[in-house]
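Reading the structure
Take a look at the letters that make up each chain.
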Amino acid sequence: AGMHYILSDAAASGGHTYLPREILIAQAARLLSAPAEAVETALEAAVLSHNLVAREVDDHVAVYMPRAFQAESETARRLLELLEALPYRPDPALAGRIAKWERENGKTLNADQKKAVRAAVCEGVSVITGGPGTGKTTILRCVLSLLDADDEIVLAAPTGRAAKRMSEATGAEARTIHRLLEYGGGDGTFARDESNPIEADVVIVDEMSMVDIFLMRSLLRALIPGTRLILVGDA
């Protein structure tokens, strides 16, 4: 119970889907005023009974709550499916189209910004990161102008305030992710999922650092392979 509490708190306060084994044992021993050996024994029993999940990640053992492990694994699988459905296709005319947009809008994109625009237009899944003032909004405006005119483009953000800012910055309607997925309120479910997917060619999500793994999984469940996904936010 102590380890479950620590992992739940790490997810809620820091967005962590797991904790390294040594850190979890140390925190649990401190919280419970118990010897580390007793916590280790309890951890091994919890893993054997599938109450916790342990996996090697890089140079350490990661310990997950089962629901977080399942959500992270499904999220990774679905991102891969989106990537593989739209393999990278270079557009020889893209440099000229970017230059035309710069002239028409009185903007000059730097090399990193142009790289981000190319990825967003040519990749199945792309991630655009940068802190305030690094030009994410300019990149987004350029991307929106370069996508095919007949593409169905959906803009979303995790909160109402972020969606409003996104609308003001791009001049296009943006919705909260919950509204996009048609959240059911009382029963806590989304009407949009694999059996009722979002009908869009491109989905752009801003303020991604505020999206947790469970909401991300729900969003990906509602996207069919062949949909282009662009994720924007600070690193």
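Please read these numbers as outputs of a predicted model, since none were measured by experiment.

Ordered by their spatial adjacency, five strands build an open sheet running β4-β8-β7-β5-β6, and the pairing between neighbours is parallel. Sheet topology places β4 (125-129) and β6 (174-176) at the edges, where each strand pairs with a single neighbour. The average angle at which neighbouring strand axes cross in this sheet is 25 degrees, direction not considered. Where strand β7 (residues 202-205) meets strand β8 (residues 228-233), four bridges bridge the pair, whose relative direction is parallel.

Turning to the packing of helix α4 (residues 66-85) against helix α10 (residues 213-221), a few remarks are in order. Two quantities define a packed helix pair, namely the angle between the helix axes and the distance between the axes. In the contact formed by α4 and α10, the axes pass within 9 Å of each other and the chain directions differ by 40 degrees. Judged on the interaxial angle alone, α10 and α4 are oblique. In this structure, the crossing between α4 and α10 has a hand that is left-handed. For the pair formed by α4 and α10, the contact residues are Arg67, Ala68, Gln70, Ala71, Glu72, Glu74, Thr75, Arg78, Leu79 and Leu82 on the first element and Ile213, Phe214, Met216, Arg217, Leu220 and Arg221 on the second. Broken down by class, the residue content of the contact of α4 with α10 amounts to eight nonpolar, two polar and six charged.

Now for the confidence of the model for the chain. Per-residue confidence for the chain averages 93 on the pLDDT scale, and 100% of its residues sit at or above 70. When the elements of the chain are averaged for pLDDT, helix α7 (residues 136-146) gives the smallest value, 90, and strand β1 (residues 18-20) the largest, 98.

A word on a negative patch on the surface. Taken together, the side chains of Asp148, Asp150, Glu152, Glu199 and Asp201 make up a negatively charged region of the molecular surface. Mapped onto the elements of the fold, Asp201 is located in the loop between α9 (177-180) and β7. In this structure Asp201 comes out as partly exposed when scored by relative accessible area, which is 34%.

A few words now on the pattern of salt bridges. Evaluated as defined, the whole model comprises twelve salt bridges. Between Arg165 and Glu207 there is a salt bridge, with its nearest N and O atoms 3.0 Å apart. Of this pair, Arg165 sits in helix α8 (residues 160-170) while Glu207 sits in the loop between β7 and α10; the two residues are 42 residues apart in sequence, bridging distant segments of the chain.

Overall, the coordinates contain zero disulfides when judged by the stated rule. Lacking any disulfide linkage, Cys122 is separated from the closest cysteine sulfur, that of Cys142, by 12 Å. Judged by relative accessible area, Cys122 falls into the buried class, the value being 6%. Residue class for Cys142 comes out buried when judged on its relative accessible area of 0%.

Take α10 next. If you check which residues of α10 are buried, you get Leu215, Met216, Arg217, Ser218, Leu219 and Leu220. Residues of α10 that are buried in the fold lie against α4, α9, β7 and β8. At the N-terminal boundary of α10, the capping side chain belongs to Asp212, with an oxygen 3.1 Å from the backbone nitrogen of Phe214.

Let's shift gears to the nonpolar core. Val117, Ile128, Val143, Leu146, Ile204 and Ile230 are the most contacted members of the largest nonpolar core, which totals 26 residues. If you list the elements that add at least two residues to this core, you get α5 (94-105), α6 (111-122), α7, β5 (153-157), α8, β7 and β8. Look past the residues within four positions of Ile230 in its chain and what remains in contact with it is Ala120, Ser126, Ile128, Val143, Val202, Val203, Ile204 and Val205. Among the nonpolar cores identified, the runner-up in size contains 22 residues, and Val154, Ile177, Val211 and Met216 belong to it.

About the criteria used
Residues numbered from 1 in each chain as written. Predicted model: local features only at pLDDT ≥ 70, side-chain atom pairs only at ≥ 80, totals over all residues. Heavy atoms only, no water. Pairing = 2+ DSSP bridges. Helix = DSSP H or I, 4+ residues; strand = E, 2+ residues; numbered from the N terminus. Axes fitted to C-alpha atoms, helices over the stretch in contact; angles between N-to-C directions. Parallel < 35°, antiparallel > 145°, perpendicular 65-115°, else oblique. Left-handed = near helix turned anticlockwise from the far one by under 90°. Contact = heavy atoms within 4.5 Å. Nonpolar A, V, L, I, M, F, W, Y, C, P; charged D, E, K, R; others polar. pLDDT = per-residue confidence, 0-100. Patch = residues over 30% accessible without salt bridge, like charges linked within 9 Å, V, L, I, M, F, W, Y side chains within 5 Å. Areas by Shrake-Rupley, 256 points an atom, 1.4 Å probe, with all protein chains shown as cover. Salt bridge = Lys/Arg side-chain N within 4 Å of Asp/Glu carboxyl O. Lys, Arg positive; Asp, Glu negative; His and termini not counted. Charge placed at Lys NZ, Arg CZ, Asp CG, Glu CD. Buried < 20%, exposed > 50% of the residue type's maximum accessible area, 1.4 Å probe, protein only. Disulfide = S-S within 2.5 Å. Polar contact = N/O pair within 3.5 Å; in protein donor to acceptor, adjacent residues only side chain to side chain. Core = buried A, V, L, I, M, F, W, Y, C linked by side-chain atoms within 4.5 Å.

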